[in-house]
Amino acid sequence: MPLVTLNELMKDAEAKNYAVGAYNVNNLELIRGIIAAAEDSQSPVILSFAEVHIPLVPLEVIAPIMLEAARKAKVPVAVHLDHGQDHEILIRAMKLGFSSIMFDGAHLQLEENIRQTNEISKIAKALGVSVEAELGKILRPEGGGDEEEEEEYDPDDIYTNPKEAKTFIENANIDALAVAYGTAHGVYTKEPVLDFNRLQLIKDITGMPLVMHGGSGLDEAAYVKSIQCGIRKLNYYSNMAFEVANTIQSKLNANSDQNKKSYYHDLSKWAMEAIQEDIVRTMRIFGSAGKA
């Protein structure tokens, strides 16, 4: 299968009303487990690498591995740079071969967000790379380490404003828009309250493929409703990383209890198996299984 762009995946997801999972990777086990799940599910998939994970593995090291896995996969795969704020890093990713990038200007004023998005988009479009942007503030869950975000807030102050979304997509050259409607990055410590009416209004006004960030740990009904309201790309990482760590810990403990030795390569095998199992489950829920 050839490497595909985010725009190509979004067109099919839009036409068939499903969401494509975007799974952050920072090592070989994650890449292999996710690709195995996609092939097993016959699902398109997005391999995503977050700018904040560069301290874990250099972009120039992980990019060739992601791209090789994508090109050899039996299903359509986009390779995406997630939450890019540094223009230099975004440009490096595109030059390395990423087929999709996200410029995260959500912290900027609307006009500046549009200006910087277009600055990056001009380069991306010349290279045939898709662009995702973000509007609104996607929180961290309570206990997520950001005390300011745990304080009381008015949703109208931080959630994506539908009128601003219309202005944004009319003036920014993008392929998908990440929106804030109650999801949060990380693993939820309490049930989130999602504003589906806001999400549906944004979809109706913009007609744009919408993106859910903070897609870990929701119940199945919340995913399904979000997709019905226009979510076409669904970011998923924290819950997967948490469950894989728990699986490895459980297996290490079991071996210890049985006086069995565990080896480093065992961890890789356990991780890939746990990743594949979790991602197959999500692809069924997102509706992408069987769409490749």
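Residues numbered from 1 in each chain as written. Predicted model: local features only at pLDDT ≥ 70, side-chain atom pairs only at ≥ 80, totals over all residues. Heavy atoms only, no water.

Chemist: So what about the pairing of strand β6 (residues 176-179)? Which residues, and what values?
Modeler: Side chains on a regular strand alternate between the two faces of the sheet. Alternating residues of β6 divide into Ala176 and Ala178 and Leu177 and Val179, and every residue in both groups is buried. Here 4 bridges tie strand β5 (residues 130-135) to β6, and the two strands are oriented parallel to one another. Considered in β6, the bridge of leucine 135 is made with valine 179. (Buried < 20%, exposed > 50% of the residue type's maximum accessible area, 1.4 Å probe, protein only. Helix = DSSP H or I, 4+ residues; strand = E, 2+ residues; numbered from the N terminus. Pairing = 2+ DSSP bridges.)

Chemist: Got a sec to walk through the environment of serine 250? Specific residues and values, please.
Modeler: With respect to the secondary-structure elements, serine 250 resides in helix α10 (residues 238-257). C-alpha separation for the pair serine 250 and leucine 127, spaced 123 residues apart in sequence, amounts to 46 Å.

Chemist: Outline the sheet that holds strand β1 (residues 20-24), supporting the account with residue identities and numerical values.
Modeler: Around the barrel, which closes on itself, the 8 strands sit in the order β1-β2-β3-β4-β5-β6-β7-β8 with parallel pairing between neighbours. Strand-to-strand twist across the sheet, computed as the mean angle between neighbouring axes with direction ignored, equals 25 degrees. Taken together, the 3 bridges between strand β3 (residues 77-84) and strand β4 (residues 100-103) define a ladder with parallel strand orientation. Among the inter-strand pairings, leucine 81 is bridged to a residue of β4, identified as isoleucine 101. Here helix α1 (residues 6-16) sits on the sheet and contacts β1, β2 (45-50), β3, β4, β5, β6 and β8 (231-236); the angle it forms with β8, its principal contact strand, is near 120 degrees. (Axes fitted to C-alpha atoms, helices over the stretch in contact; angles between N-to-C directions. Contact = heavy atoms within 4.5 Å.)

Chemist: So, the packing of α10 against helix α11 (residues 264-286): which residues are in play, and what are the values?
Modeler: As a packed pair, α10 and α11 sit with axes 9 Å apart at the nearest point and diverge in direction by 135 degrees. Taken together, the axes of α10 and α11 lie oblique to each other. By crossing handedness, the relation of α10 to α11 is classed as right-handed. On α11, the residues that touch Asn239, Met240, Val244, Thr247, Ile248, Lys251, Leu252 and Asn255 of α10 are Leu267, Trp270, Ala271, Ala274, Ile275, Asp278, Ile279 and Arg281. Its residues assigned to classes, the contact of α10 with α11 comprises 10 nonpolar, 3 polar and 3 charged. (Parallel < 35°, antiparallel > 145°, perpendicular 65-115°, else oblique. Left-handed = near helix turned anticlockwise from the far one by under 90°. Nonpolar A, V, L, I, M, F, W, Y, C, P; charged D, E, K, R; others polar.)

Such coordinate-based values are descriptive only and should not be taken to indicate function.
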